[in-house]
Amino acid sequence: MGTDAGVVSARGGGGGAIPTAPARPGNAVNLTRRASLSAAASLLDYAVKAGVSLVITPILLSGLGRTLYGVWEMLGRLVGYMSAADGRPTEALRLVISQQQAADPEANRRSVGAALVVWLVLLPLVVVVGAALIWLAPALTHAPPQSRGDVRLTCALLVASFLLGGLAAIPESVLRGMNLGYKRMGLQAGLSILAGGLAAWAVHQGLGLAGIGGSQIVRALIIGICFWLLVRKYVPWFSIARPSRAAIKGLLSMSVWLSVGELVAKLLLASDVLILGAVVSPAAVTTFVLTGYAARTGLGIFVFTAGAAMPGLGGVLGQQQFERAGQIRRELLTLTWLFVTLVGATILVWNRSFLSLWVGAPNYAGPWVDLLIVLIVAQTAFIRTDSYIIDAALRPKGRVLIGAITAVATLALGITLTHAFGIIGLCAGMLAGRAIQSVSYPLLVRSCLNHQKRHTAAGAAALRLVLVTALLFAGASLLGRELQAASWPLWLGAVAISVALFGSLALLLGPTGATRRALVSRLRGMVAGVRPSPRP
């Protein structure tokens, strides 16, 4: 990726050059501290969201029943596909702002204006797609005949919530692009509690699916207002300036690739529920979703915390510090490995007990499905890490093209194997199809990092980590078939002990001594970054 006078070209985006700030040796911005605080904010928000979901899921399941709960999950995935139609201008804005954090404020304001123009230009397409989804929702979800009107109304409410969320994402993208995501600390957590309470109240009042959909509109409105106030307070330059034609063209070009990439990601990550509902039944969706709840929650924690580091990495790449970026990637991959290993092993031991205590043993799909879901989540975590780096380099084209090939293979395998083997076939198809990304994305990352040479011992070290994970997963899966926690206090204590045990074993058996010390040092730095700064 070549540069000229502080200008980085978004090669692969098909657009013009995107201005970034030149390197400043004396830059006082502490990237580690900001990334740590942003990660802490994201972790808090997601933890509260997961806790709310933990409380209200049994309420929704009891109030809606297994079939309509499966329909609700499918509606959420269907409306999620609309993010591929809105052009993803706010995501492009976040990436551009992250690379030009220290640029002329007027250039940043023009970028905000360009994002708004792109959103307005693509709004008619989003409305058409939303209308089509509303009309087709009952057929796509296999809803019972007596519930088709409610399903269409719920879908309409979710579409409206999506449109409001698109506007709310503009100030949020600026805040995150400036590496100030931690300023929202606690805000989204409170809103998640509010939305969960509204959803539970709606079900309790007998409002059904439509009531839950309405709670999402209230949440989107409040989020938009709150983020607007936050960005006005913490980003002094924030406002909207009339963009140049070149700025609109550059952002639109990147948005198109991000939009296609989003569609590919939805096909890969959200199609499992739709395939299962269409091939088997919405009730099977309920079993699958509940069995994978713990694994998806763990993945969500990882995605939010890893994503918080990306604005800082975007700044490093924007300054062409490829050696430093490569070191950050190696640390991220090792942290990813540690996270998926200890979380995955803990889930394999205690997920059956968790589901029995939470929603009842009949909603557990079995140990083989459990293992496959954990493997899919581990695979997804590594894919996400590299995709973040590719996007931070403003080069999404290669990622999107490979993702499209992967989506075709994954859907073909998923549908075929689901017909033959049900939920197990679906999981196996998803895991096998997405292996294409697992192989190709690291090659793309090397290109983004100026084709750095791989260290000689890297292959052997990676194989060692894989073997340690395989051994821990195998042992945990066998233990999970024998152990059963009879109460929540016993389960919580056992999970805490398991996390500590698996984490210690992974650190002891997996990384080399030097890598282990670097990893511990990075974790300490992240923890220190969250602590309040000493007063002068």
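Remember, it's a predicted structure, so these values are computed and weren't measured experimentally.

Participant: Help me understand the overall build of the protein chain, please; the structure alone is not making it clear to me.
Facilitator: Looking only at helices and strands, one finds 19 helices and three strands in the protein chain. Counting across all 536 residues of the protein chain, residues that qualify as buried make up 53%. Relative to all contacts within the protein chain whose residues are 6 or more apart in sequence, the contacts with residues 24 or more apart total 86%. For the protein chain, the exposed area adds up to about 22900 Å²; of that, 68% sits on carbon and sulfur atoms.

Participant: Sorry, what's going on with the packing of aromatic side chains here?
Facilitator: When we look at a pair of aromatic rings, we describe it by the centre distance and by the angle of the planes. All told, the structure shown has six aromatic pairs when counted by the stated rule. When the ring of Phe354 is compared with that of Trp358, the centres are 5.0 Å apart and the planes differ by 25°; the resulting orientation is stacked. Remark: Trp358 and Phe354 occur in helix 12 (residues 322-358); sequence separation between them is four residues, near one turn of the helix. You'll find Phe354 and Trp358 in the same group, each marked buried.

Participant: I keep staring at the environment of Arg148 and nothing clicks. Help me out?
Facilitator: Within the element layout of this structure, Arg148 appears in helix 4 (residues 148-177). Using a relative accessible area of 39% as the deciding quantity, one classes Arg148 as partly exposed. Once the C-alpha coordinates of Arg148 and Trp135 are considered, the two residues, 13 residues apart in sequence, prove to be 9.9 Å apart. Look past the residues within four positions of Arg148 in its chain and what remains in contact with it is Pro138 and Ala143.

Participant: What's the story with the environment of Val174 in this structure? I'm lost.
Facilitator: Tracing the sequence through the fold places Val174 in helix 4. Given the relative accessible area of 0%, Val174 is considered buried. Note: C-alpha distance between Val174 and Leu95 (79 residues apart in sequence) is 9.3 Å. Residues contacting Val174, with those up to four places away along its chain left out, are Leu93, Ile97, Val112, Val231, Val235, Trp237 and Phe238.

Participant: Just to check I follow, could you spell out the nonpolar core for this structure?
Facilitator: Soluble, globular proteins show a tendency: their nonpolar side chains are buried together. In terms of nonpolar packing, the biggest core is built from 87 residues, with Phe288 and Cys427 touching the most fellow members. No other element matches the 15 residues that helix 1 (residues 31-80) contributes to this core. Setting aside residues up to four positions removed in sequence, Phe288 forms contacts with Asp272, Val273, Leu276, Arg296, Ile373, Ile423, Leu426 and Cys427. With 27 residues, the next largest nonpolar core counts Ala115, Leu175, Val235 and Leu258 among its residues.

Participant: In this structure, what is going on with the side chain of Thr341? I would like to understand it.
Facilitator: Residue position: Thr341 is located in helix 12. With relative accessibility at 0%, the residue Thr341 sits in the buried group. Polar contacts involving the side chain of Thr341 include one to the main-chain carbonyl oxygen of Trp337, which spans 2.7 Å. When neighbours within four sequence positions are excluded, Thr341 is seen to be in contact with Thr469, Leu472, Phe473 and Ala506.

Participant: Explain a nonpolar patch on the surface here, please?
Facilitator: A cluster of nonpolar side chains, namely Ile225, Trp228, Leu229 and Ile240, defines an oily patch on the protein surface of about 420 Å² accessible area. Its place among the elements puts Leu229 in helix 6 (residues 208-234).

Participant: When you look at the packing of helix 12 against helix 13 (residues 367-392) in this model, what are you seeing that I'm missing?
Facilitator: Each pair of packed helices can be summarised by the angle the axes make with each other and by the distance between the axes. Look at helix 12 against helix 13: their axes get within 10 Å of each other, and the N-to-C directions meet at 165°. Regarding the angle of helix 12 to helix 13, the classification is roughly antiparallel. For the element pair helix 12 and helix 13, the recorded crossing hand is right-handed. Facing Arg329, Leu332, Leu333, Thr336, Trp337, Val340, Gly344, Ile347, Leu348 and Asn351 of helix 12, the residues of helix 13 in contact are Asp370, Leu371, Val374, Ala378, Ala381, Phe382, Thr385, Asp386 and Ile389. Here the contact of helix 12 with helix 13 is composed, by residue class, of twelve nonpolar, four polar and three charged.

Participant: Teacher, can you tell me more about the environment of Ala107 here?
Facilitator: Mapped onto the elements of the fold, Ala107 is located in helix 3 (residues 105-141). As a C-alpha pair, Ala107 and Ala241 span 134 residues in sequence and 8.6 Å in three-dimensional space.

Participant: For this particular structure, what's the right way to read helix 8 (residues 271-279)?
Facilitator: An α-helical segment advances 3.6 residues per turn. Residues three or four places apart therefore align on the same side. Counting buried residues along helix 8, seven of its nine residues qualify, which places the element largely inside the surrounding structure. Among the residues making up helix 8, those that are buried are Ser271, Asp272, Val273, Leu274, Ile275, Leu276 and Gly277.

Participant: In this structure, what is going on with unusual backbone geometry? I would like to understand it.
Facilitator: Leave glycine aside and you will find that most residues have negative phi; peptide bonds, for their part, are mostly trans. If you check the backbone angles, His142 has positive phi at about 55° while not being a glycine. Here His142 is to be found in the loop between helix 3 and helix 4.

Participant: What is the right way to look at the confidence of the model for the protein chain in this model?
Facilitator: Interpretation of this model should avoid reading the predicted coordinates in detail wherever pLDDT is low. Of the residues in the protein chain, 81% have a pLDDT of 70 or more, and the chain-wide mean is 79. Within the model, the stretch residues 1-29 combines pLDDT values under 50 with 57 contacts to residues more than four positions away or in other chains.

Conventions we followed
- Residues numbered from 1 in each chain as written.
- Predicted model: local features only at pLDDT ≥ 70, side-chain atom pairs only at ≥ 80, totals over all residues.
- Heavy atoms only, no water.
- Helix = DSSP H or I, 4+ residues; strand = E, 2+ residues; numbered from the N terminus.
- Buried < 20%, exposed > 50% of the residue type's maximum accessible area, 1.4 Å probe, protein only.
- Contact = heavy atoms within 4.5 Å.
- Areas by Shrake-Rupley, 256 points an atom, 1.4 Å probe, with all protein chains shown as cover.
- Phe/Tyr/Trp six-rings, centres within 6.5 Å; stacked < 30°, edge-to-face > 60°.
- Core = buried A, V, L, I, M, F, W, Y, C linked by side-chain atoms within 4.5 Å.
- Polar contact = N/O pair within 3.5 Å; in protein donor to acceptor, adjacent residues only side chain to side chain.
- Patch = residues over 30% accessible without salt bridge, like charges linked within 9 Å, V, L, I, M, F, W, Y side chains within 5 Å.
- Salt bridge = Lys/Arg side-chain N within 4 Å of Asp/Glu carboxyl O.
- Axes fitted to C-alpha atoms, helices over the stretch in contact; angles between N-to-C directions.
- Parallel < 35°, antiparallel > 145°, perpendicular 65-115°, else oblique.
- Left-handed = near helix turned anticlockwise from the far one by under 90°.
- Nonpolar A, V, L, I, M, F, W, Y, C, P; charged D, E, K, R; others polar.
- pLDDT = per-residue confidence, 0-100.

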